[in-house]
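Analysis of the macromolecular model
Residues per chain are reported as follows:
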Amino acid sequence: MTPTALPATSGVGFKPEHFAAILEAGFDGFLEVHAENYMGAGGPPHAMLGRLREDHALSIHGVGLSIGGAGPLDRDHLARLRTLCDRYAPESFSEHLAWSTHDGDFLNDLLPLPYTQETLRRVVAHVDQTQDALGRKMLLENPATYVTFAESDVPETEFLAEIARRAGCGLLLDVNNVFVSATNHGFSADAYLAAFPLDFVGEIHLGGHDAQEDDAGAPLLIDAHGAPVADPVWTLYERVLARTGPIASLIEWDNDVPDWSTLAAEAKRADALMAGAARRRAA
Amino acid sequence: MPARTVNAALAGSLLAALSIVSASAAEDKMAGKEKCYGVAMKGQNDCAAGPGTTCAGTSKVDYQGNAWKAVAKGTCTTMKTPKGMGSLEPIKM
Amino acid sequence: MSAATETAFGAALRDPGRGAPAHLAPSSGRRPERRFSVYRNNVAVSLMGALATRFPAARRIVGEAFFDELARAYVAQHPPRSPLMMMYGDDFPEFVAQAPGLDEVSYLADITRLEAARTRAYHAADADPLPASAFAALDGALDEVRLALHPSVEVVRSGHPLVTIWAMNSGEAELGPIADWSPQDALVCRPELDVFVRRLPDGGAAFLVALAGGATLADAAGRAAQEARSFDLTENLIGLIGGGLVVAIRPSQQGDAP
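A quick note: this is a predicted structure, and the numbers were derived from the prediction, not measured.

**Quick notes on the overall build of chain A**
- Broken down by element type, chain A carries nine helices and 12 strands.
- Taken over the C-alpha trace, chain A has a radius of gyration of 18 Å; the compact-globule value for 283 residues is 19 Å, and the two agree within 12%.
- Across the 283 residues that make up chain A, the buried fraction comes to 63%.
- Within chain A, counting contacts between residues at least 6 apart in sequence, those at least 24 apart form 79% of the total.
- With an accessible surface of roughly 9,800 Å², chain A has 50% of that area assigned to carbon and sulfur atoms.
- Placing the 20 positive and 41 negative side-chain charges of chain A at their respective mean positions leaves the two points 8 Å apart.

This is the structure:
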């Protein structure tokens, strides 16, 4: 049992430019929004989200809480998240295993942290504090990383599993992030997923990445969310589904946002893979 | 001006304004305006990386220096300003 | 993570003169510069992107390359203190006003003030504008009436033809010569869900600013007339009421300004 009430269907990250198309064409899946874009007092963002909420399950996905940071959580930001969750009663709230605020400066990226007993205790405390402040359980997402730390002595999968056990939160499994990190750091994505505590997973993310090279000419993948989901990521996703069955699965496309039909087609592809997995599991 | 006079002036202006506003409001009603959600501005918080290059953030931040040599080539050259057309010249360093 | 690790990482992120931080693992590569640069790039590009998104007309006026360097300098000197990117750049206009090399586009700071106000209006609290009928019912001491303006209302005063320049660089009007370089004050408001930018008539800015400050209708009209002899109260009331800028009427007995 994971702390999410999202339906086991596809979903898409909502972009304002798709508002009219979603109303016109209809969409059976759930919608996800970045919490921080809905922290204004009023205006079109809330008008659109309020309208869409009438017809869709909703996931609120925070990108600015800095749960993995060394400093204390921003209480004002927690209060804003609480207000937002109270207003929309989303089926799920999630955040990232990352940090973005240091000494009060907001760096606006999901930055990596070392995995040690010390950082584990801190992240657990931050997840506890967040869940208390929101009065609900949350999901925590595995990151895409470009560097790792010498001091890390806990594998990421174990780190996430331990957070989920101690804080009683769920996990958000970003399959693209797994593929990106595995490629960048030279580990097996399949081995990572084999070790991943899937029982805690309440939602899956699928997104596109960008391929570059590092200084040594080795592949360097970047979690850019500006392209279709790559084939190897679909393959990994299918292998996860074989173990979990259908599960809320989000298509993330944040840069070079395509037209609605392209995005909806990606969501349909996830639905088809879920249907296939359900058939095979029933057989 | 005594309060009574001010009041009378205000009342006159208000009456004139309301007659015009009410007339145009009635026209809007006849036109049967649909609920409008406004022209959406882009949400600015994302959880993705920026456009996939590794170099955009690496040029040195030097407030007075080279970075400012970028030559503005915007639309201002087509707007007539008090200083004439083609208003923006390369910054001389 | 230890605060020291985070500090070193953050410092390296913001200073391209430094290399990648020292405590990275071997799997980051023997030369992790390019990998670390992904983070450096994300921070710089996302913050500069937030400004480009918020100030499109200013960017169009000076060109992308110039604007991006202006934004880069601002980001370095004024990193955001809040995770709300919609509000990042509230003090960008002050930065632009002080920036060197912009003498030829002295109106640029005013353009950024207008664009900053537009974003604030977009996200401002919702409130229902009063219909004209609410004013028709007013009687008695009209001069003592105070008005609560819509939360989105902002006035941007300028010594340049601000609204015309903005309109030409935001797709609202054709680009072309501006023959009349008279000053223009702008009204920014969002009575329903669309953000409007309007050129205010003579004295209109003083009138609105006075009303927003809690002045009575009579005092506001008086101040406007003092500033501009051509101030036309009827014209301004049409804009005020017809434009949906008023959300509440506070009769005289309800005491002083908020």
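**Some points on the packing of helix 6 (residues 175–185) of chain A against helix 8 (residues 231–244) of chain A**
Residue and element names in this part refer to chain A.
- Two numbers describe how helix 6 lies on helix 8: the axes approach to 9 Å, and their chain directions differ by 120°. Taken together, helix 6 and helix 8 sit at an angle that is classed as oblique. The crossing of helix 6 and helix 8 is right-handed. Residue-level contacts link Val175, Asn176 and Phe179 of helix 6 to Pro232, Val233, Leu236 and Tyr237 of helix 8.
- Per-class residue counts for the contact of helix 6 with helix 8 are six nonpolar, one polar and no charged.

**Overview of the sheet that holds strand 2 (residues 154–156) of chain C**
Residues and elements named next belong to chain C.
- In spatial order, the strands read 2-3-4; together these three strands make up an open sheet with antiparallel pairing. Two strands close off the open sheet at either side, each with one partner strand: strand 2 and strand 4 (196–199). When the angles between neighbouring strand axes are averaged without regard to direction, this sheet yields 25°.
- As paired elements, strand 3 (residues 186–189) and strand 4 share four bridges and run antiparallel to each other. Across the sheet, the residue bridging to Leu187 is Arg198, located in strand 4.

**Quick look at the sheet that holds strand 2 (residues 30–34) of chain A**
Residues and elements named next belong to chain A.
- Within the closed barrel, the eight strands sit side by side as 1-2-3-4-7-8-9-12. Their pairing is parallel. For this sheet, the mean inter-axis angle between neighbouring strands, taken without regard to orientation, is 25°.
- Most of the contacts of helix 9 (residues 260–282) go to strand 1 (residues 10–13), to which it runs at about 150°, and overall it touches strand 1, strand 9 (201–207) and strand 12 (249–252).

**Focus: the interface of chain B and chain A**
- At the interface, 14 residues of chain B touch 26 residues of chain A.
- Summed over both sides, the interface between chain B and chain A buries roughly 1,600 Å², with carbon and sulfur atoms accounting for 56% of that surface.
- Taken as a group, Tyr37(B), Asn45(B) and Cys47(B) account for 44% of the area that chain B buries against chain A, more than any other trio of residues on that side.
- If you look at where chain B meets chain A, you find three residue pairs in polar contact (both at pLDDT 80 or more).
- Per-class residue counts for the side of chain B that touches chain A are six nonpolar, seven polar and one charged.

**Quick notes on helix 9 of chain A**
- The terminal C-alpha atoms of helix 9 of chain A lie 33 Å apart, and with 23 residues this matches the ideal 33 Å at 1.5 Å per residue to within 8%.
- Looking at the buried positions of helix 9 of chain A, the neighbouring elements they touch are strand 1, helix 1 (19–25), strand 9, helix 8 and strand 12 of chain A.

**Observations regarding the domain arrangement of chain C**
- For chain C, the domain assignment lists domain 1 (1–105) and domain 2 (127–258).
- Between the C-alpha centres of domain 1 of chain C and domain 2 of chain C the distance comes to 37 Å.

**Re the packing of aromatic side chains**
- If you walk through the whole model with that rule in mind, you get 19 aromatic pairs over all chains.
- Aromatic side chains Tyr192(A) and Phe196(A) sit 5.8 Å apart centroid to centroid with 35° between the ring planes, which places their arrangement in the tilted category. Across the pair, Phe196(A) and Tyr192(A) agree in class, each one buried.
- When the ring of Phe67(C) is compared with that of Phe92(C), the centres are 5.8 Å apart and the planes differ by 65°; the resulting orientation is edge-to-face. Taken together, the residues span a long stretch of sequence, with Phe67(C) in helix 4 (residues 64–77) and Phe92(C) in helix 5 (residues 92–98) at a distance of 25 residues. The two residues Phe67(C) and Phe92(C) agree in class, both being buried.
- Each member of the aromatic cluster is reached from another via a ring pair, and the members are Trp99(A), Tyr146(A), Phe149(A), Phe9(C), Phe36(C) and Tyr39(C).
- The side chain of Arg198(C) reaches across the aromatic face of Phe196(C), ending 4.5 Å from its centre.

**Considerations on unusual backbone geometry**
Residues and elements named next belong to chain A.
- You will see that Asn108, though not glycine, has its phi angle at about 55°, which is positive.
- Within the secondary structure, Asn108 sits in strand 6 (residues 105–111).
- At His225, a residue that is not glycine, the phi angle is positive and equals roughly 50°.

**Description of the side chain of Asp109(A)**
- Among the structural elements, Asp109(A) can be located in strand 6.
- Here Asp109(A) is buried and forms no salt bridge, its nearest opposite-charge partner Arg40(C) lying at an N-O distance of 11 Å.
- Setting aside residues up to four positions removed in sequence, Asp109(A) forms contacts with Trp99(A), Ser100(A), Tyr39(C), Asn42(C) and Val43(C).

**With respect to the nonpolar core**
- Counting 148 residues, the largest nonpolar core has Leu140(A), Ile163(A), Leu173(A) and Leu206(A) as the members making the most contacts within it.
- A total of 10 residues in this core trace back to one element, the largest contributor, which is helix 2 (residues 33–54) of chain C.
- When residues of this core are sorted by domain, at least three fall in each of domain 1 (1–105) and domain 2 (127–258) of chain C.
- In this view, Ile163(A) contacts Leu97(A), Leu120(A), Val123(A), Val124(A), Val127(A), Leu140(A), Gly168(A) and Cys169(A); residues no more than four positions away in its chain are not counted.

**Describing the environment of Thr119(A)**
Residue and element names in this part refer to chain A.
- Summarising the element assignment, Thr119 is placed in helix 4 (residues 117–134).
- Separated by 40 residues in the primary sequence, Thr119 and Phe159 have C-alpha atoms spaced 9.4 Å apart.
- A distance of 2.9 Å separates a polar atom in the side chain of Thr119 from the backbone nitrogen of Thr116.

**Comments concerning the packing of helix 9 (residues 204–212) of chain C against helix 10 (residues 217–227) of chain C**
All names here are of chain C.
- Closest axis-to-axis distance for the helix 9/helix 10 pair is 8 Å, and the angle between their directions is 150°. The orientation of helix 9 relative to helix 10 falls into the category roughly antiparallel. Between helix 9 and helix 10 lies a crossing whose hand is right-handed. Contacts between helix 9 and helix 10 pair Ala206, Phe207, Ala210 and Leu211 from the former with Leu217, Ala220, Ala221, Arg223, Ala224 and Glu227 from the latter.
- By residue class, the composition of the contact of helix 9 with helix 10 is eight nonpolar, no polar and two charged.

**Observations concerning the pattern of salt bridges**
Residues and elements named next belong to chain A.
- Evaluated as defined, the whole model comprises 26 salt bridges over all chains.
- Residues Lys15 and Asp254 are paired through a salt bridge, measuring 2.7 Å at the closest nitrogen-oxygen approach. Taken together, the residues span a long stretch of sequence, with Lys15 in the loop between strand 1 and helix 1 and Asp254 in the loop between strand 12 and helix 9 at a distance of 239 residues. For the pair Lys15 and Asp254, a shared accessibility class is recorded, and that class is buried.

Criteria and thresholds
Residues numbered from 1 in each chain as written. Chains lettered and ligands numbered in written order. Predicted model: local features only at pLDDT ≥ 70, side-chain atom pairs only at ≥ 80, totals over all residues. Heavy atoms only, no water. Helix = DSSP H or I, 4+ residues; strand = E, 2+ residues; numbered from the N terminus. Rg over C-alpha atoms; globule rule 2.2 N^0.38 Å. Buried < 20%, exposed > 50% of the residue type's maximum accessible area, 1.4 Å probe, protein only. Contact = heavy atoms within 4.5 Å. Areas by Shrake-Rupley, 256 points an atom, 1.4 Å probe, with all protein chains shown as cover. Lys, Arg positive; Asp, Glu negative; His and termini not counted. Charge placed at Lys NZ, Arg CZ, Asp CG, Glu CD. Axes fitted to C-alpha atoms, helices over the stretch in contact; angles between N-to-C directions. Parallel < 35°, antiparallel > 145°, perpendicular 65-115°, else oblique. Left-handed = near helix turned anticlockwise from the far one by under 90°. Nonpolar A, V, L, I, M, F, W, Y, C, P; charged D, E, K, R; others polar. Pairing = 2+ DSSP bridges. Buried area = accessible area lost by both parts, 1.4 Å probe. Polar contact = N/O pair within 3.5 Å; in protein donor to acceptor, adjacent residues only side chain to side chain. Expected span 1.5 Å × (residues − 1). Domains from an automatic or database assignment. Phe/Tyr/Trp six-rings, centres within 6.5 Å; stacked < 30°, edge-to-face > 60°. Lys NZ or Arg CZ within 6 Å of the ring centre and 35° of its normal. Salt bridge = Lys/Arg side-chain N within 4 Å of Asp/Glu carboxyl O. Core = buried A, V, L, I, M, F, W, Y, C linked by side-chain atoms within 4.5 Å.

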